[in-house]
Amino acid sequence: MFATILPDLARLVGDEGLLQIAVDPRLVTLFQRSFPNAEVGSYDDRTLLDPDGNKALRFLPFVTDKRQPDCWLPMGSALQYLRKDIQDFPHAAFILPDQGRVAKFRAALTAKGPGPYVGLCWRSMMLAAKRAKYYSALEMWEPILKTPGVTFVNLQYGDAAAEIAQVRERFGVEIHAMDVDLKDDIDGAAALSAAVDLAISAPTRRPRMPRRWGRRCGS
Amino acid sequence: MWFLTAARTWPQLGTDEYPWYRKTQVFSPERFGDWATLIPQVAAELAAFVKNRA
């Protein structure tokens, strides 16, 4: 979500400067492709054992490998300067999925059935009783699942096999699981999200990234 | 992207959409967590989406 500020920061840093972006290891490939002029790397997290309790420390070795940055900031903090109004939020897409993988997924989807292809993400992997009210159970999705003329595609990360089987048995509807690890292969998840015609999602704990995916490839 | 929420959330910044993700369409029920009312509305939208593409 806060990554929407990155194109602005890249512009402000300019050709003379260098933007370094620290993200989760699973996002490095996707972000490096999307910001080819930036240096994208990941964290080296450690825990400091302390008499007062363990302290989480986050190191960024790649940032200082070759130079000392002039300044640094948490990704979201530039919002106070650059997003003072709703109108300041941009419309342009900036995350670039792997077009080769998008095409491969598109071809694989064609083999599953006719389009449109609709991706479904129906619950958080962090689902627990106290959170359950925020997440619609898959069975409640019945009216959506029974829409004719749609080929459904699984975008649900984590183990979804039991629920997919449940939907198959109860509603006679197939939610096609594609060959990708949606939890750890974020670049693959981005490509699949770009390959479908529409994605429908309940709120998830995953930072809300997929919403930006695929715009540049027209889906 | 269609995004179903149990209620309005702070990232919507008081709007009916997600300013962070302009092409996202948000569906949230009048009453908190009232999925039974919301889901058929989304299903109707999906049927219209399919029809428009045909």
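Cut-offs applied
Residues numbered from 1 in each chain as written. Chains lettered and ligands numbered in written order. Predicted model: local features only at pLDDT ≥ 70, side-chain atom pairs only at ≥ 80, totals over all residues. Heavy atoms only, no water. Axes fitted to C-alpha atoms, helices over the stretch in contact; angles between N-to-C directions. Helix = DSSP H or I, 4+ residues; strand = E, 2+ residues; numbered from the N terminus. Parallel < 35°, antiparallel > 145°, perpendicular 65-115°, else oblique. Left-handed = near helix turned anticlockwise from the far one by under 90°. Contact = heavy atoms within 4.5 Å. Nonpolar A, V, L, I, M, F, W, Y, C, P; charged D, E, K, R; others polar. Phe/Tyr/Trp six-rings, centres within 6.5 Å; stacked < 30°, edge-to-face > 60°. Buried < 20%, exposed > 50% of the residue type's maximum accessible area, 1.4 Å probe, protein only. Lys NZ or Arg CZ within 6 Å of the ring centre and 35° of its normal.

1. As for the packing of helix α5 (residues 99–112) of chain A against helix α8 (residues 186–195) of chain A
Residue and element names in this part refer to chain A. Between α5 and α8, the least distance of the axes is 8 Å, while the angle of their chain directions is 55°. Put simply, α5 runs oblique to α8. When you trace α5 past α8, the crossing you get is right-handed. Along its contact with α5, which presents Arg 101, Val 102, Phe 105, Arg 106 and Leu 109, the element α8 presents Asp 187, Gly 188, Ala 191, Leu 192, Ala 194 and Ala 195. Here the residues of the contact of α5 with α8 are counted per class, giving seven nonpolar, one polar and three charged.

2. Quick word on the packing of aromatic side chains
On inspection of all chains with the given rule, the structure shows eight aromatic pairs over all chains. Between Trp2(B) and Phe27(B) the ring centres are 5.2 Å apart and the planes differ by 55°, which places this aromatic pair in the tilted class. Taken together, the residues span a long stretch of sequence, with Trp2(B) in strand β1 (residues 2–4) and Phe27(B) in strand β2 (residues 25–27) at a distance of 25 residues. There is no split in this pair, since Trp2(B) and Phe27(B) are both buried. Taken together, the aromatic side chains of Phe2(A), Phe89(A) and Trp20(B) make up a single cluster linked through ring pairs. Over the aromatic face of Tyr43(A) sits the side chain of Arg58(A), whose NZ or CZ is 3.4 Å from the ring centroid. In this structure, Arg83(A) packs its charged tip against the face of Phe89(A), placed 5.6 Å from the ring centre.

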